[in-house]
Each structure stands twice: as C-alpha cells, then as structure tokens.
Amino acid sequence: MSYVQAEGPVPEGRGPLLQVKNLSVHFDTPDGVVKAVDGVSFTVGRGDTLGVVGESGSGKSVTFLTVMGLIDRRYARVEGEVLFRGRDLLTMPDEELRHIRGDQIGMVFQDPMTSLHPMYKVGSQIVEAIRAHRDVSKKEGLEQAIELLGKVGIPRPDERARQYPHEYSGGMRQRAMIAMALALDPDLLIADEPTTALDVTVQAQILDLIDRLQQEFNAAVVLITHDLGVVAEHCDEINVMYAGKAAEYGTRDDVYYGAHHPYTWGLLQSISRIDRPRTERLRPIRGAPPSLIHVPPGCAFHPRCPYVMEVCKVEVPKLIAAKGKHASACHLLLEEKERIFKEEVAITS
Amino acid sequence: MTRYIIRRLLWVGLVVVLIVFLAYVIFFLMPPVDPARAFAGKRPTPEVLETLREQFGLDRPFYVQFGLFVKRLVIGDEYGWPGFGFSYATRSPVREELFQRALVTIQLSLGAAVVWLLMGIPIGILSAIKRRTFVDRFAMGFALFGVSAPVFWLGLMFLYIFWQKLGIAAGTGYVPFGENPLTWLNHMIMPWVVLALLFAAFYARMVRGNLIETMGEDYIRTARAKGLSERRVIVRHGLRASLTPVVTMFGLDVGTLLGGAIITETVFNMPGLGTYVVRSVFQGDLPATLGVVVLGALAVSVMNLIVDIVYAYLDPRVRYA
Amino acid sequence: MIALLTALTMVAAACGGDDGGGGGGQDGGQDGGGEKTLSLAMESFVQNCGFDPTCEFVSYWSMVYTNVLLRPLMNYAHVAGDAGGEIYPDLAADYPEVSADGLTYTFTLKDGVMFGPPVSREVTSQDVAYAFQRMASQSQGAQYAFYYEGVIDGLEVQKEDALDIDISGIETPDDKTIIFHLAEPTPDFAFRMAMPATAPIPSEVADCFKESGEYGRYVVSSSSYMIEGSEDLDITSCDTMQPISGFEPERTLSIVRNPDYDPATDDPALRSNNIDKFVVEVNTNVDDIFNKVVAGELDTSPDDPPAEFLREAVGTDRLPINAVDVLWYIAMNLTQPPFDDIHVRKAVNLIVDKDGLLRAAGGETVGGIATHILPPGMGGPTPEEYDPYATPDFAGDLELAKAEMAQSKYDSDGDGVCDAPECKDVLLLSRNEAPWTEYNPILEDNLGSIGIEAQTRELEGGVAYETMSTTSNNIPIGAHAGWGKDWPDAATFFEALFTSAAIQPGPGVNNNTSLVGITPELNDERELELTGNLEGVPNVDAKFDECGALGLDEGRVECFNELDVELMENVVPYVPYRWDQEAHLISDDITVWEFDQNAGEMSWAHMDVAG
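Calculation criteria
- Residues numbered from 1 in each chain as written.
- Chains lettered and ligands numbered in written order.
- Predicted model: local features only at pLDDT ≥ 70, side-chain atom pairs only at ≥ 80, totals over all residues.
- Helix = DSSP H or I, 4+ residues; strand = E, 2+ residues; numbered from the N terminus.
- Buried ≥ 20, exposed ≤ 12 C-beta atoms within 10 Å, placed from the backbone.
- Contact = placed C-beta atoms within 7 Å.
- pLDDT = per-residue confidence, 0-100.
- Nonpolar A, V, L, I, M, F, W, Y, C, P; charged D, E, K, R; others polar.
- Pairing = 2+ DSSP bridges.
- Domains from an automatic or database assignment.
- Axes fitted to C-alpha atoms, helices over the stretch in contact; angles between N-to-C directions.
- Parallel < 35°, antiparallel > 145°, perpendicular 65-115°, else oblique.
- Left-handed = near helix turned anticlockwise from the far one by under 90°.
- Right-handed = clockwise from strand over helix to strand, strands pointing away.

Participant: Mind showing me how you'd approach the overall build of chain C here?
Facilitator: Helices and strands together make up the secondary structure of chain C, namely 16 helices and 23 strands. The principal-axis extents of the C-alpha atoms in chain C amount to approximately 80 × 75 × 40 Å. Across the 611 residues that make up chain C, the buried fraction comes to 55%. Across chain C, the fraction of contacts at a sequence separation of at least 24, relative to all contacts at a separation of at least 6, is 69%.

Participant: Just checking my understanding: could you explain the confidence of the model for chain C for this structure?
Facilitator: It should be kept in mind that the predicted coordinates are not to be read in detail where pLDDT is low. Residue and element names in this part refer to chain C. In the predicted model, chain C carries a mean pLDDT of 91, and 95% of its residues have values of at least 70. Considering only residues more than four positions removed or in separate chains, one finds that residues 12-32, a stretch of pLDDT under 50, has 60 contacts. As scored by the predictor, the complex reaches a pTM of 0.83 and an ipTM of 0.88.

Participant: Sorry if this is basic, but what is going on with the interface of chain B and chain C here?
Facilitator: How big an interface is tends to be reported as the loss of accessible area on association of its parts. Chain B puts 49 residues into the contact, and the matching count from chain C is 51 residues. Listed by contribution, the elements that provide at least two residues to the side of chain B that touches chain C are helix 2 (35-38), helix 3 (46-56), helix 5 (94-129), helix 7 (151-165), helix 8 (181-215), helix 12 (262-267) and helix 13 (273-283) of chain B. Per-class residue counts for the side of chain B that touches chain C are 25 nonpolar, 17 polar and 7 charged.

Participant: Help me out: how do you make sense of the arrangement of the chains in this one?
Facilitator: With 2 pairs of chains in contact overall, the contact-richest pair is chains B and C. As for chain C relative to chain A, no contact occurs, and the smallest C-alpha gap between them is 30 Å.

Participant: Honestly, the environment of Leu-89 of chain A in this entry has me stumped. Any pointers?
Facilitator: Residue and element names in this part refer to chain A. Considering the arrangement of structural elements, one finds Leu-89 in the loop between strand 5 (87-88) and helix 2 (94-100). Between the C-alpha atom of Leu-89 and that of His-234, which follows or precedes it by 145 residues, the distance is 27 Å. Beyond its immediate sequence surroundings of up to four residues, Leu-89 is in contact with Val-67, Gly-69, Val-82, Phe-84 and Leu-97.

Participant: Explain the interface of chain A and chain B to me, please; I cannot follow it from the model alone.
Facilitator: Across the boundary between the two partners, chain A contributes 22 residues, which contact 18 residues of chain B. Secondary-structure elements contributing two or more residues to the side of chain A that touches chain B are helix 2, helix 3 (112-115) and helix 4 (122-133) of chain A. In terms of residue count, the dominant contributor to the side of chain A that touches chain B is helix 4 of chain A (4 residues). For the side of chain A that touches chain B, the class distribution of residues is 10 nonpolar, 7 polar and 5 charged.

Participant: How do you make sense of the pairing of strand 13 (residues 321-332) of chain C when you look at a structure like this?
Facilitator: When a strand is regular, its side chains alternate between the sheet's two faces. Residues and elements named next belong to chain C. Extensive coverage of strand 13 is indicated by the burial of 10 of its 12 residues. Relative to strand 19 (residues 574-583), strand 13 runs antiparallel, the two sharing 8 bridges. Paired with Ala-323 across the bridge in strand 19 is Gln-581. Relative to strand 18 (residues 482-484), strand 13 is paired through 3 bridges, and the arrangement is antiparallel. Counted as the bridge partner of Trp-328 is Gly-482 from strand 18. Across 2 bridges, the pairing between strand 13 and strand 17 (residues 477-478) is antiparallel. Among the inter-strand pairings, Ala-331 is bridged to a residue of strand 17, identified as Gly-478.

Participant: Explain the confidence of the model for chain B here, please?
Facilitator: In this model, chain B carries a mean pLDDT of 89, and residues with pLDDT of at least 70 account for 98%. Averaged pLDDT values over the elements of chain B bottom out at 83 in helix 2 of chain B and peak at 94 in helix 12 of chain B.

Participant: Before we go on, may I ask you to explain unusual backbone geometry in this structure?
Facilitator: Peptide bonds are, in most cases, trans, and in most cases residues other than glycine have a negative phi. Note the cis peptide between Pro-337 of chain C and Pro-338 of chain C, where omega equals 0 degrees. Checked against the element boundaries, Pro-338 of chain C lands in the loop between strand 13 and helix 8 (342-351). The amide bond that connects Ala-434 of chain C to the next residue, Pro-435 of chain C, takes the cis arrangement and shows omega of -5 degrees. Among the secondary structure elements, Pro-435 of chain C is positioned in the loop between strand 15 (426-431) and helix 11 (436-449). Even without being a glycine, Arg-91 of chain B presents a positive backbone phi close to 55 degrees. With respect to the helices and strands, Arg-91 of chain B occurs in the loop between helix 4 (62-75) and helix 5. The class of Arg-91 of chain B is buried, set by 26 C-beta atoms lying within 10 Å. Positive phi, normally seen in glycine, also occurs at Phe-51 of chain C, with a value near 75 degrees.

Participant: When you look at the domain arrangement of chain B in this model, what are you seeing that I'm missing?
Facilitator: Residues and elements named next belong to chain B. Taken domain by domain, chain B comprises domain 1 (2-94) and domain 2 (99-314). For domain 1 and domain 2, the distance between their C-alpha centroids amounts to 32 Å. Counting residues at the interface gives 21 residues for domain 1, matched by 16 residues for domain 2. The set of elements that each furnish at least two residues to the side of domain 1 that touches domain 2 consists of helix 1 (2-29), helix 2 and helix 4. Broken down by element, the residue count for the side of domain 1 that touches domain 2 peaks at 8 residues, all from helix 1. Among the residues forming the side of domain 1 that touches domain 2, the class breakdown is 18 nonpolar, 2 polar and 1 charged.

Participant: Teacher, can you tell me more about the packing of helix 15 (residues 541-548) of chain C against helix 16 (residues 556-571) of chain C here?
Facilitator: Each pair of packed helices can be summarised by the angle the axes make with each other and by the distance between the axes. All names here are of chain C. For the pair helix 15 and helix 16, interaxial distance at closest approach is 9 Å and the crossing angle is 165 degrees. With respect to helix 16, the axis of helix 15 lies roughly antiparallel. The chirality of how helix 15 crosses helix 16 is left-handed. Contacts from Lys-543, Phe-544, Glu-546 and Cys-547 in helix 15 reach Arg-556, Cys-559, Phe-560, Leu-563 and Glu-566 in helix 16. Taken together, the residues that form the contact of helix 15 with helix 16 break down as 5 nonpolar, no polar and 4 charged.

Participant: Help me understand the pairing of strand 16 (residues 454-459) of chain C, please; the structure alone is not making it clear to me.
Facilitator: Residues and elements named next belong to chain C. Pairing analysis gives 6 bridges linking strand 15 to strand 16, with the strands arranged parallel. Across the sheet, Leu-427 pairs through a bridge with Gln-455, a residue of strand 16. Once you follow strand 15 into helix 11 and on to strand 16, the crossover reads as right-handed.

Encoded structure:
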C-alpha cells in the first residue's frame, strides 16, 4: 500500500539525527480507516530547523506524536521506520523509548494552559521531568528548574517556580513548557504549534526564544504550524503536508520564492506578506480539506486544484526532487510549475 | 484562612438554627395531632393534658418554644451541654440517648465509608485503565447492580443468605465495641457492606468516568512526553486530577450519612440516629426529632465546610486569596 | 476486597462468641448456668408514660406490672378464658370487708410482702395510700386517675406534691390495714383495686420524681421479680439515684428474680414464677423478629406476626391463638346526616361485608365476626345466639339493606338507594396501614351500593383517633377504631363510649364518637362546637346508671347485656365487625404457654421455657 518515496535528500548539517522513512499511521474507527499519515519521509539533521506546515488534518501532529511514541498502538497501525540516531523508535520496547522521550527528544505542545498540570507547581513539574531521567535530589532539581526558567526569560524564576500554572500569563506558560522540554538538554525539540494559542506579539517572542535556545542548547528543532508566515523567519527547511502525505519539500527560499505545488501556492496566496505590496484580498484555497477515511483517489488535492488534469484523478503523484532537495508531489511538469509560480503566484501573493 | 473558617463556622451555626426553625414550623403547622394528646393515654382528662403540655413546654407560643430551644442548645440545660431537653416518649434526657445513638451511626457511616472507598475507587481505576475489556464490563455491571438495588432489599437478602440460610454471619443488632470487639465487628460487617454497596457502585462509575476523561487531557500527554512511567502518569497526574471531585462527593455523602442511615439501621436493627428519628417522628416526640435534626444539619454543614477547605487545598485554582 | 471482607467475616464469626449465626448461638431458653430466660423482641416499646406505673395506661406493660413486678391489693389469675377474669386478693390477705351501705372497704395486708432491692423492706398500708396520693398529684400525669377521683372520698387531682396531699377517704390506722371510704356505692371497686397504679410504691424512692413518667426508670418491685440492676440503685439521696441499668427506654428491659420475695406470701394460682429472667428488646425489623423466633434465637414477640409467618404456622402448636376482649367497629355520628336517620344506620349494618373485612385482616386467626358490641369474653351472647343484623355468611345483604334504606327520609323514591344530597361526599375516616388499606375499597363499595358516596380519608392511626375524637371536627363516620376493656366489666366499654358525660371538648378527648346522649344544651354548655342535627338523639344514660349500680350477684352482667341489645336495636351507633384474637408465634423453647385474659397479653406469671 505504501509506495517508494524519495528519501528526502540528506540536508546540510552534521548527519541525520532523525530519519523518518515511509511512515504511515492508520486508525481503525467505526466509520472506517483514518489514514492520518500515509507514507511520509523526511530527515532532520543535528542543529537543523525543520518547519512542518499544513492544515489541521494534514497529519503533521500525528507524525511527530508517533515519533515520540505517544500514539496508542492498540488503536493505530503504524508502519515504516523512524530512525533516531540510527535506531528504529517504532520497534523499540516502550521502556527504552521512555528513556529517549523527554531526555533526548523534547516536545512542546500547543496550549500551555491545558498542557501543564493545574494542580502542581510549575517548578515541581520541571523537577519531575529532570528526576525522571537523572539521579538528582529534589533540591538540586529545583535549582536546575529555576535556572531553566531564568533562561527562558521568566523574571524572578525562584518565586515563579513555586507558583501554579494558572498564575502565569499565556506567554510565560509557554516559556515554562519550553524550559521543561529543554530541561534535559535534548538533541531534538519538537514544537507543535507553540504559538497558535498565544497573542501575536507574544508569538514573535516565543519563536525568537526558540531560536536562541536552539543555539544555546545545540538542538535540532521541528516547528509544526499551519501558518507559512511563522516558518518564514525561523526555519531552514520546510515540509508541506497535505492529507497525510508530503506535498512539497525544500529550503525556505525554495518554498517562498519558487514553490512547486499548487497547495503551497494556495498557502502562499492566502497569507499576507510584508515584503510584498498589498494587493487585493487574500485568496483562500477553495474547497475543504478531505476526509482522511475517504481520501480522494489519485492526488488527494485534486478536487481543490485549479490546475487539475485527468491524470491527477487517478494516479498518486510521487514526491520527486527537481533541483537539489526541492521536491514536490505533483503531476505538473517542472516548466509549468515554474511558469505558474512566476506568473500567478509571485504577483498576487 | 482562619478568618475564612471562622466566618464559615458562623454560617454553619446560622444554617442549623434556620433548619431547626423550619423543623419547628413543620412540626407545629403540619400534623393535626396534639403532641401532648399522643402521650396522654386512652382517656385523657383535661388535667392530664394540661400537665403534659406544661411539662413538654407546649403551653407557650411556638416562637417562644423555639427561642428557648435555641437558648438551651447553646447554653445547655439541666441535663448537660448542649441542652436537647427531654424526650416526650422516654421521659429521659434526649442528650444521653442522642449521643449514644450518634456513636452507633458514626461507626456505621465511617465504616461503610472506608468500605466503599476501598471497593469503589480501585474498581473505578481498574475499569478506566482496562477500558472496554471484560474486566471493565463486569465491573460496570456490578456498579449498575449496586446503584439499582434498593438498600432494604439488599439488606434483607444479605440477612437471608448469610444469616438465615448459611449461618455464617451474625444477625441483626448491635454489640458495643467495648463489650466484645469481634462480635461488634461481626454485626457491623453486613450493614457496612450493604450501606457501602450503593456508594461503591456510584463511586466506581464516577472514578472511572473522571479518570477516563482526565486521561484524555493535554497534561497527560505532556507527562508522557516527559518520559514518565505510565504508572506515574496515571497515579500522579491522572488520579490527582480525577479524584478531586470524588473528595467533594465523599465529604457530602459522609455528612448526609452521619444524620442517620435510616433504612440500613432499620433493617439491621441498629440503635443509631436513623431508627431514633423514625421512631420519634412517628410518636410525635418533638425534642428527640429536633435533636437528630440538629446533629444532622450540623454534620452536613460541617462536612460541607471541610470539603470546601480540602478542595481548595487540592485544587490550587480555587484557592481564596 | 470482597474476598478479604468474606474472610474477615468468617474469622469474626468463628471467634466472635455467642452470635454465630441463625439457629446457633444464643438459644432462647438457655443462658449461662442453666438459667431459664424468656427472650422477646418488639418493634417499639410504646410506653406512653416512661414505664411509670402511676401514669402508664398501656396493656402490654400492664401485664408486666401485674404478673411479675407489682402486687396491688387485688389481682387476677393471669390465665385465659373466664377464669382469667376472676379477681383474687394479692397484697391483701383476703377479699375486702365491705360495709352494708357499700361505702366502706377495709383491706388487711398480708405479712411479709417485701419491696425488692434496694428498698428491701416490708410493704405497709402507707405505701398503698402513697400510690393514691401520687395519682392525685397532677404533675404525675396519672392517666386513669378518673377511676378513683369522685369514687374515693376526698380524692381530687390537684397541683400539690404527692406527700402533701391529704385524701380524706383513705385511712391507714396501722401498717397492715387500709380503709377506703367511697363517695357512692361502686360495685366494681374491687376491680379498680387491681390496676397497676394502685400497687404500693416506696415514697423514699418515688418522691424524688415529680414529673410524669420520671419514676419509670427507678421502679421498685413489690412482687416476685425486679428490674435487673435494682440492687445498684443508690437511694441515699435524690441526687445519688441513677436510672436502673436493666431498663433502657426503647432499647431493653431485663427482669430478674426479686431476692426479697417470699413465695409463702403468694398464691401459685396467681404466679407460677417458672422463669428466671425476662429480656425484652427493641428490634426495628419486624421480619427479623419472627425469623429469629422461628430460628430459636427469640422465644416470642408481643407484635402481630406478618401474614407469611401466620400462614406457615397456623394450626401448629407454635401459634397459640387467644381471644382478647377487643371490639373493632365502624362508628356513625348520630348528629351528622345521613347517619342521623336510624334507618340509614340499620341499612349500613345490613350492607357491610363483615366476612370480607375479616378475610382482609387475615381470616380466622385474627378474630371472629362481631354481631353486637360486648366481646363474648365479657359475658355476652355468641354470634349464633344474637345477631340483630344477620346476613348470609356475614357478607352483607343488598336486598335487606335496601329494604331498610327505603324507609329513610333520605331515600325520596323508596328504591332503597339514598338519593338525597346528604349522601354525597360523605367523609369516611380510616387508617393508612394494613388491613384498613384493604377495608377501604370494600366499605366504599358497600356504602355506595345503598347510595352513600364515601370519600375516604386515610390517616395514621393515632391521628385518625385524635381527629374523630375531637368533637369540633364533626366527622360523620369512622372505620379506624377499636376498643378494649380496662377490666372485665362492661362498664369499661359503655361508660366511655356511650354516656353523655363522656362527651368532652378538646383534641382527641371524646371517645363517645357517635355522640349518644347529646343535646343542644350540652353542646353549648361544654362548647363542643358541634354542627349537625342535635335534636332527638337517643340517650342511654339512665340504663347505664341502672346497670352500673348493680353488683355482680345482682344481675349486673345481664343488665349490661340488655344495654347492648338496646344500643344495637334502638340506638345503632356502630357497625361492630370484629372481636379480636391475638396470635403469637412462639419458639420450641416455650414449654408452657399461658395467656392473661385480663391484660389481653401472654402471661409471664405462668409461662415456662426449657431449662
């Protein structure tokens, strides 16, 4: 059922930290099989920043929850490989995986209010994360937690550590979550929509913080978002996902200045960009995301694609690299893609 | 915090007084029976009625009686503190019998509470963890039974099976702990279990529901993402949040039971507040009825207060500044 | 957890001493070292006056007083049947000496009758006089002082301390003699001297207790048994007295032998004294009481056995049945239409399905059909001998009833069915418990068939009594009531039920609910607040006075029987429907069963259990 994918070219950097190969995650539901992730591959190198962009239902979150081992395998069928430092996390026993989770891979979630336990002090929640993987006393753990809180820019961290999540502001909570995720100096930080629940002004702060910390902790970062605008400044590479598959993959410049997939074009057209003059209205992509149970045949995007051809309705396009590592899954010819981008997308977006 | 508690305690006092007032109103406005007449025998003469009215304090208007009652309650009367007056039916101070019976009811309630916590919560947790397996379905089936079976039927069935037919359990009745601890226990087990079954079933369902819901919360996902063991996730993160409402319910349930578990006490012939109040109401024994009303109101109010305090301690989001 | 609990139960059961299980453990008969114990349980003690003999007027405790605890001047043999209505000297050495004019009764006390511990001294005539002083002291709330007030010269209920009351009609010339001077001849005076309130009371104990019912926890024995723990009562002063441990109100009552009792002062016909100890406990679970009787853990109960126990035991020797002198009746208010018309009342007597009512109550075990007022044990005719409103199988007869109704002014067209508006919406007072819940449809049906539309109000027993016994309520008809004798004499029925003197105002006071003998003058004078038709109401005062003045050997019983007939045929205040029987469920440990006909209860004086 899965098909051979291009592996996603090995990026610059110091060797792949995380390699996802042909990952698919299918959930059995009473209504049918939900193909949340259907054949996705990509690589993250040490120190890289990967942006994963897509609408809700694109499979972006499920992919990384599966990487972390947070998907309940009783209800999902997972196939493919997830190699972290060369070891397949999918076949690893949970006891081992637990030691990687939180320690070598940290994850930050979307809504910090609900993601922190309301009944424990923030400090002790961080201490708990630390003591799960290191043999330190509570006192030492607390000292470390306070230090971390300071690093993420929370003022008076010693007081704040003794407070409860509801006593923090939204932005501060997210900082605390980031602190918790980085507490053990992980090699990979996965941030799933870290700014979506926050004010616009705070969003920028948090993203900058992540950048800064990435440098400081020397970690790779995966930034999951539905907002192409967010990844613009902060990501080296971008993976655009649609209906459980990768639609396009490339560097930031590749995507912003020469996208090759109609979906990406749609996304670009629907955001406002400061570096372009404001033209008429934003143009949303017409149609709605598809059901993951009844995925349209052929190219999943074809019902919404302005450039749909007959072949799109029957044959699933493969993710094929055009230049370098810039790949797209679309039946349009390269010339066509470039032409359309230049003539229609670049002007209007 | 201390000021808060004092303020709440004053409210408790006010609530109790109000409830007693209501009881007085009901007692005087509702029944067509003259309490003195009920104790005056087959052919009462005016002198007998006059004497009884005087000795029962019924010759005063009811607000005067009420005022005297509250005053005696607070200051005490010739029988001790607090003053509950004397029983029309037994012609003895209400206080001594009231406290004796309160002790029995406390033993019954607290024992049952322990039993239902020990039964209900583990079953609920197990059910939640092993959701939709046979264990879960069996446990919820048991819960449905426990919630549906009427207490008096359960009690009678238990007596019939374990005492009458199998002869392994002690029958009805109460033996004080001081007299013989093992016999005391023997007599308490069935009432405890019967009384606890309903609550255990209810709590099992509640715990199960709460825990399942809690385990779907985002912070559980975070806890797992931190790499914690599943056991720690369930106990420290899941249970902590899902048991908080259970604590509230527990306090209120115990408070209500402390006012007397009428049916269980009657079926098992336990000399507690439940049987006492039934008898007193039927006989028209106002002081005895009021005694139980006061204790019951007090128990519920105080437990309410305790529950609020404990809840604030457990859930920092609701703490008062 | 359940396994743990079960294990715990079994351990406790194994080690837990005497309550091992149903059938095992505490046997009804045996206790400790071969002590014969009669153990009973009842749903509630129902003591109206705290078990103080001066005021308590309830039959079960009456039996306990007269059988085992107290010795009045006169007493009964405590046996069943007519023999149980015979009176004998108990504290008195012999029957009283009566003066020729019937106004002076002289009793001589026996020697050597002792109060039990802690008093432990000989009973004197002053102790008997004190009992009457107590009854006269209003604060004691004596519930049947009216049997002596106005009868004994100078005995008036007054607001004084008992010892301060001087009753001119009672003389105690020496420790062994007591003389009563009566205000008028009272042929049943000897019976009045057999009531528990007249038994001797030690003033050194009782005088500490001034309020009604208080003495009940300190009762000192003058008979063969005492309350357990009496010896520990500290009587050095009023302040040192603590309630006797053997009696916990509404919980338990334990009665053991009185060590100071001398059987030589007693008559075995009155007391056999077989049993060593009596224990009565409260058990709120009625089924459990009888399960325990069947299992042998209890010996019996004064309560009525539920139907399934009756069914299972009927006909065996575990269910002795005794007639008691109680009448259950439907009372019609002679002043309230349509019952102010004698034809209507007779029609009602002819239509009521007495057999149906009896079967609804449980059939022959609970009693027999009543055809007139006085129960057979009081010397009246049997149903076969006298049934003025006989119908086939006692089921009521529509034709006969209609024939009677047709003669009534409320049946304008003479078809035997009442058509006047007075027959619509007639309030029928009844009770809300079994068996009245079964009666009510039957009665509504019966009355309906002769055109009386009854609206039944079901009330709790005590409330029903009080409602109908309050004259100002003017209730037309009530099916809730029963009446029992106070001693074996018809006067104890007729005086309260049918004399005009008994009609008094106040809540729950009037027992003459049919208002026999009422006049408009009496209504005004006593402020009874009666509505309804007060003219021409039948009156039996004259006949009552006539019979009441007769002695037993002067035709008293026959006279009262005539009054019964007069009431049934010319006054028709009631529909009598059942003369009661009591069925008791007993365990196999009871070797001798006896019934105290006067008290209407089992006889502790003569029963015996396995040793």
